[in-house]
Amino acid sequence: MAKKQFKTESKRLLDLMINSIYTNKEIFLRELISNASDALDKRHYLSLTDNTLASEKPLSISISIDKENRILIIEDNGIGMNKKDLEENLGTIAHSGSMDFKNALEKNEEIDIIGQFGVGFYSAFMVAQKIVVETKKTDEPGYRWVSSGQDGYTIDETDRQDIGTKISLHLREDSEETYYSEYLDKYTIESLVKKYSDYIRYPITMMVEKSVEVEGKEGEYETVEEEKTLNTMVPLWRRNKKDITEEDYNSFYKSQFGDWNNPLEVIHYSLEGKVNYKALLYIPSKVPFDFYSKDYQAGLQLYSKGVFIMSDAKDMIPPYYNFVKGLIDTDDVSLNISREILQQDSQLQAINKSVSKRIKSTLVNMLVKEREKYEEFFQNFGYALKYGVYSDYGMHKKELQDLLLFYSSKEDKYVTLKEYKERMLENQNEIYYASGTSIEQIKKIPQLEQLVDKGYEVLYFLDNIDEFVIMMMRDYDGKVFQSAQKASTDIESEEEKTEKEKLTQDNKGLFEDLSKALADKVKEVRISSRLKTHPVCLVADDMGISMEMEKYLAQLPTNEEVKATKILEINPDHEIFKVLQKVYETRKDSIDDYADLLYQQALLIEGFPVDDPVDFSNKICQLMKEANN
Ligand code: ADP
Ligand code: MG
């Protein structure tokens, strides 16, 4: 029979496959198996109304290997093809799937995208120099389609009796780059089936050798051939929840997602309605070692009709839940979807939304019912949630704010903002926080003395990101955040305010001189209403950055120095204040040194280096000498 030419469009795709520089050639098997599975689906469906299509043998896919002749055979008893089908389906790429691929290809010349597509039948040319398709459909004759690639194909009639399709791949000779013979190896085939097609609904079988004891002869073995089903057929996530043990979930997690540890939480459900999908999601119990590096692969695995499409589908899940591992299986997406198309697919966006909702409700549930477990989770992945609040200009605030935990001065444990708000004092309008490096360190912060004493609750900000987070949040449920280390902490009664004003007036000269002495260092020296036992402290001006932020920014590798505008506060009830008053009256010229010493001390308490350590220690020595004169 005369040779026919491929349609131009097909030719281009074919060229690409034949000259493929794409390394992931193995996906051809996935493609052929998924075609076979589709053909079985069609036959099964039609046989429901057409008796002649009912199969005596169970619908299945069988793989066999002819090592000597370098042929890999994939056969199914599916719907089969007639002559017209062969022309249309294998001679052109007019059918939807590969068409999408071709279109995307034209827009994007990157060869890399091949692996992310269901590239279809032609992918077999990546490994085969010649392909023979023998096929028969119901009562029509059988046909043989043969092609060696670009120079076209032939179709001959055959006397094939069985309905279905047999595809024989005559593998290419091994080259320096590629060892095609690996596809003649049963173990390789078996593992590829497991990897890509484990959950195909029909059995995928292959004859395998097995060593068995010879009957009646103990200790004597012989090798027998035996048909083996390579795939599990029913994926874990498609099984009934009540038939699945914790061990099933755990071992699947560990093997599928490469973790040594059992997961902290399993989320398994299936949704039908506006969106249709099954999800099996896991929250790890430990932070993956590369979680905070750019190598971390976020995203879920995506399956369509039980066929594996891609790993790390990032658009299936919002970035702030990127610690979640798992998979989505949906019939609503075609095998041929690409990562690029994934982003725009409205069905997938709907799934993303729905998955987020489920993760959120799982976390909220854990927070309410299993507090300790939630705290463990938050220790591991709280940073991701906080970053989620901070990113995208705070647009995920609503979604995430009630999942945050902060250490509480009052409770001595981690609390939510909601819990904080419920406990706020009657006259309290702000949520107080203090930043530091450890719970122990923050506990000793002078600025907290009066706050805590007066019964206010203070949240400890232990992560660098915390201040950035609340800067983005501005408020929680109408209550603004206020740093205990910033100027205008509003915790004084009217009486206290009047008293403070009077004291300031009475010592006007002293404070003016102190402020003057430190004019280039602080904005102001003033009486404090937040100290109890400490003599002095620094607070940051409301405008501008906090002192913790200053420290944080100082570590970053930029030249620009950004500093907090500071105010030095003095405790009027402290012995030192009386000393200052006395010095001001009797030895006015020493007041500058006293001011400087107090300021440098405040710096030290705050965790800043002193400006001039030599000068500082000289001044202290001087003071010691004077005290003994
Ligand atoms: P797609 O699967 O996206 O349609 P393919 O290139 O994989 O694209 O397959 C092209 C077409 O060839 C299929 O749509 C189907 O009609 C036909 N086909 C391929 N393999 C088989 C098979 N084993 N049995 C029946 N038809 C098949
Ligand atoms: Mg296909």
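Reading guide: rules and limits
Residues numbered from 1 in each chain as written. Chains lettered and ligands numbered in written order. Predicted model: local features only at pLDDT ≥ 70, side-chain atom pairs only at ≥ 80, totals over all residues. Heavy atoms only, no water. Helix = DSSP H or I, 4+ residues; strand = E, 2+ residues; numbered from the N terminus. Buried < 20%, exposed > 50% of the residue type's maximum accessible area, 1.4 Å probe, protein only. Contact = heavy atoms within 4.5 Å. Lys, Arg positive; Asp, Glu negative; His and termini not counted. Charge placed at Lys NZ, Arg CZ, Asp CG, Glu CD. Pairing = 2+ DSSP bridges. Core = buried A, V, L, I, M, F, W, Y, C linked by side-chain atoms within 4.5 Å. Salt bridge = Lys/Arg side-chain N within 4 Å of Asp/Glu carboxyl O. Axes fitted to C-alpha atoms, helices over the stretch in contact; angles between N-to-C directions. Parallel < 35°, antiparallel > 145°, perpendicular 65-115°, else oblique. Left-handed = near helix turned anticlockwise from the far one by under 90°. Nonpolar A, V, L, I, M, F, W, Y, C, P; charged D, E, K, R; others polar. Phe/Tyr/Trp six-rings, centres within 6.5 Å; stacked < 30°, edge-to-face > 60°. Lys NZ or Arg CZ within 6 Å of the ring centre and 35° of its normal. Patch = residues over 30% accessible without salt bridge, like charges linked within 9 Å, V, L, I, M, F, W, Y side chains within 5 Å. Areas by Shrake-Rupley, 256 points an atom, 1.4 Å probe, with all protein chains shown as cover. Polar contact = N/O pair within 3.5 Å; in protein donor to acceptor, adjacent residues only side chain to side chain.

A. Local environment of the overall build of the protein. Each helix and strand in the protein was counted, giving 20 helices and 22 strands. C-alpha atoms of the protein, sized along the principal axes, occupy 120 × 55 × 50 Å. Out of the 629 residues belonging to the protein, those deemed buried represent 50%. Counting only contacts in the protein whose residues sit at least 6 apart along the sequence, the fraction spanning at least 24 positions is 70%. Charged side chains of the protein number 83 positive and 114 negative; the gap between the two group centres comes to 3 Å.

B. Seen up close, the sheet that holds strand β19 (residues 479-483). Taken in spatial order, the six strands make up an open sheet running β15-β14-β17-β16-β19-β18, and their pairing is mixed. Every interior strand has two partners, whereas the edge strands, β15 (414-415) and β18 (475-476), have only one. In terms of strand pairing, strand β16 (residues 430-435) meets β19 through four bridges, oriented parallel. Counterpart to tyrosine 432 in the pairing with β19 is glutamine 482.

C. Region of the structure containing the nonpolar core. Judged by nonpolar contacts, the single largest core of 72 residues is most densely connected at Tyr321, Phe323, Val355, Leu363, Tyr374, Phe377 and Leu385. Not counting residues up to four positions away in its chain, the partners in contact with phenylalanine 377 are Leu264, Ile283, Phe323, Leu363, Met366, Gly382 and Leu385. Among the nonpolar cores identified, the runner-up in size contains 62 residues, and Ala36, Met81, Leu86 and Ala124 belong to it.

D. Geometry of the pattern of salt bridges. Counted under the stated rule, the structure contains 45 salt bridges. Two residues, aspartate 477 and lysine 421, come together in a salt bridge whose shortest N-O distance is 3.1 Å. Remark: lysine 421 occurs in helix α11 (residues 417-423) and aspartate 477 occurs in the loop between β18 and β19; sequence separation between them is 56 residues. Judged by its relative accessible area of 27%, lysine 421 falls in the partly exposed class. With a shortest N-O distance of 3.1 Å, glutamate 492 and lysine 500 are connected by a salt bridge. The exposure class assigned to glutamate 492 is buried, which follows from its relative accessible area of 16%. Several salt bridges converge on common partners, so that one network encompasses Lys521, Asp593, Asp596, Asp615 and Lys619.

E. Inspection of the sheet that holds strand β20 (residues 524-527) at higher detail. A sheet is described by the order of its strands in space; here three strands give the open sequence β20-β22-β21, paired in mixed fashion. Two strands in the sheet have a free side with no partner beyond their single neighbour: β20 and β21 (536-540). Within the sheet, the average angular offset between the axes of one strand and its neighbour, ignoring direction, is 30°. Of the strand pairs in this sheet, β20 and strand β22 (residues 566-570) are connected by four bridges, and their pairing is parallel. From the neighbouring strand, isoleucine 527 faces β22, where its bridge partner is isoleucine 570. Along the sheet, helix α16 (residues 508-517) makes contact with β20 and β22, crossing β20 at roughly 145°.

F. Representation of the pairing of strand β7 (residues 204-213) within the structure. Bridging between strand β1 (residues 61-66) and β7 involves three bridges; their strand directions are parallel. Residue pairing in the sheet places serine 62 in a bridge with threonine 205 of β7. Relative to strand β8 (residues 221-229), β7 runs antiparallel, the two being bridged by nine bridges. In the strand pairing of β8, valine 208 is matched with glutamate 226.

G. Focus on the packing of α16 against helix α19 (residues 591-606). Viewed as axis vectors pointing N to C, α16 and α19 meet at an angle of 70°, and their least axial separation amounts to 9 Å. Regarding the angle of α16 to α19, the classification is roughly perpendicular. Considering how the two elements wind past one another, α16 and α19 form a crossing that is right-handed. Counted together, Leu510, Asp513, Leu514 and Ala517 of α16 and Ile591, Asp592 and Ala595 of α19 form the full contact between these two elements. When the residues that make up the contact of α16 with α19 are grouped by side-chain class, the tally is five nonpolar, no polar and two charged.

H. Geometry of the packing of aromatic side chains. Using the criterion set out here, one finds 31 aromatic pairs in the structure. Ring centres of tryptophan 145 and tyrosine 153 lie 5.7 Å apart, and the angle between their planes is 25°; on these two criteria the pair is classed as stacked. According to the relative accessible area criterion, tyrosine 153 is buried, its value standing at 3%. Cluster of aromatic residues (ring-pair linked, three or more members): Phe291, Tyr292, Tyr296, Tyr320, Tyr321, Phe323, Tyr374, Phe377, Phe378, Phe381 and Tyr383. Stacked on the ring of tyrosine 269, the Lys or Arg arginine 358 has its end atom at 4.0 Å from the ring centre.

I. Structural view of the environment of alanine 350. The residue alanine 350 is located in helix α8 (residues 346-369) in this model. Residues alanine 350 and valine 275 lie 75 residues apart in sequence; the distance between their C-alpha atoms is 6.8 Å.

J. Focus on the pairing of strand β10 (residues 277-283). Most of β10 is tucked away: six of the seven residues are buried. Pairing between strand β9 (residues 265-271) and β10: seven bridges, direction antiparallel. Bridge pairing in β10 links histidine 268 to leucine 280. The hairpin turn running from β9 into β10, its antiparallel successor, is five residues long, and glycine 273 in that turn takes a positive phi close to 150°. Two elements, β10 and strand β13 (residues 325-329), share five bridges in a ladder whose sense is antiparallel.

K. Representation of a nonpolar patch on the surface in the model. There is a patch of nonpolar side chains on the surface, built from Tyr45, Leu46 and Leu48 and spanning about 350 Å² of accessible area. With respect to the element layout, tyrosine 45 can be found in helix α2 (residues 27-47). The exposure class of tyrosine 45 is exposed, given its relative accessible area of 61%.

L. Spotlight on unusual backbone geometry. Here aspartate 312, not a glycine, exhibits a phi torsion of approximately 55°, which is positive. Its location among the elements puts aspartate 312 in strand β12 (residues 307-313). Classification of aspartate 312 by relative accessible area gives partly exposed; the value is 22%. Not every positive phi belongs to a glycine, and aspartate 412 is a case in point at roughly 55°. Looking at where aspartate 412 falls in the secondary structure, it is placed in the loop between β14 (406-408) and β15. Judged by relative accessible area, aspartate 412 falls into the partly exposed class, the value being 42%.

M. Broad picture of the side chain of lysine 566. Within the secondary structure, lysine 566 is located in strand β22. On the accessibility criterion, lysine 566 (6% relative accessible area) is buried. Reaching out from lysine 566, the side chain makes a polar contact with the side chain of glutamate 550 at a distance of 3.0 Å. With residues up to four places along the chain from it excluded, the contact list for lysine 566 reads Val522, Lys523, Glu524, Leu538, Val539, Met547, Glu550 and Phe608.

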